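Structural overview
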Amino acid sequence: MLNEKDRAAGLLLNLTGDGKGKTSGALGMTVRALGWGWRVAVVQFMKGDRETGERSFFRTRFPEMIFEQYGLGLLSRPGDHAGMAQRGWARARELLAEFPGELLVLDELNNALAHGFVDLDEVLDALKRRREELNVIVTGRYAPPELVELSDLVSEIREVKHPYRRGIPARKGLDY
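This report concerns the structure included in the present document. (Residues numbered from 1 in each chain as written. Predicted model: local features only at pLDDT ≥ 70, side-chain atom pairs only at ≥ 80, totals over all residues. Heavy atoms only, no water.)

1. A word on the sheet that holds strand S3 (residues 66–70)
Counted only if it meets this: Only strands joined by at least two bridges in the DSSP assignment are considered to pair. Helix and strand labels come from DSSP, where a helix needs a run of H or I of at least four residues and a strand needs a run of E of at least two; each type is numbered from the N terminus. What counts as an axis is a line fitted to C-alpha atoms, over the stretch in contact for a helix, and the angles between N-to-C directions run from 0 to 180 degrees. In this description, contact between two residues means that some pair of their heavy atoms is separated by no more than 4.5 Å.
Spatial ordering of the open sheet is given by S3-S2-S4-S5-S1-S6, a layout of 6 strands whose pairing is parallel. Because the sheet does not close on itself, it has two edges, and the strands there are S3 and strand S6 (153–156). Ignoring strand direction, the axes of neighbouring strands in this sheet form an average angle of 10°. Strand direction decides the pairing type here: strand S1 (residues 12–16) and strand S5 (residues 135–139), joined by 4 bridges, are parallel. Within the sheet, the bridge partner assigned to Asn 14 lies in S5 and is Val 138. Packed on one face of the sheet, helix H3 (residues 53–61) meets strand S2 (40–45) and S3 and runs near 145° to S3.

What follows is the structure, given as structure tokens:
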């Protein structure tokens, strides 16, 4: 049997892999958490400032929720991708230390780590020192082994087939 401390401890979940659905899974859990009255914050790394269905939904229906983006989109687009990721990490670090809510989503953090935009040791340290009750979901391809080891749950989403391979671009309502 779990003791009360273990039962109340926040979990670290990592959704990784090359398939579509990592952010969608994290945002599904976000909806679930909001349905139970949890306070939620989402920090998106790497993603550009393109309007998305999720950003529109959460900002209009849950204005008290934190939903912030720190990215420029595709790495092939010019700009200071590392600088944006660093700003996002600064905000995430602040939330890990001070956010009084129940769920923090760090969307595409794995990608920011893989590209060297954010320091892995600093991330691991901040995750270990987070408030004990705070649940955290990290998403993105290329989850580093050290973060996989630290995580309580790791789900790898594998691409089997994707319309992009046939030249079909991302679609509003399905992909953004």
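Now that the structure has been shown, the text picks up again.
2. Some words on the nonpolar core
Generally speaking, soluble globular proteins have nonpolar side chains that are buried together. This is how the line gets drawn: Among buried residues, the Ala, Val, Leu, Ile, Met, Phe, Trp, Tyr and Cys ones that are joined through side-chain atoms within 4.5 Å form a nonpolar core. Per-residue accessibility, obtained with a 1.4 Å probe over protein chains only, is compared with the maximum for each type, and a residue is labelled buried under 20%, exposed over 50%, and partly exposed between these values.
Phe 45, Trp 89, Leu 104, Leu 106, Leu 109 and Val 136 are the most contacted members of the largest nonpolar core, which has 28 residues in total. Residue assignment for this core shows that the elements contributing at least two residues are S2, S3, helix H4 (81–98), strand S4 (103–107), helix H5 (109–114), helix H6 (120–128) and S5. Examining the composition of this core, we find that 5 residues originate from one element, H4, more than from any other. In contact with Trp 89, other than residues within four places in its own chain, are Phe 45, Leu 96, Leu 109, Val 118, Glu 122, Val 123 and Ala 126. If you look at the next biggest cluster of nonpolar residues, it comprises 14 residues, including Leu 15, Val 42, Phe 58 and Met 65.

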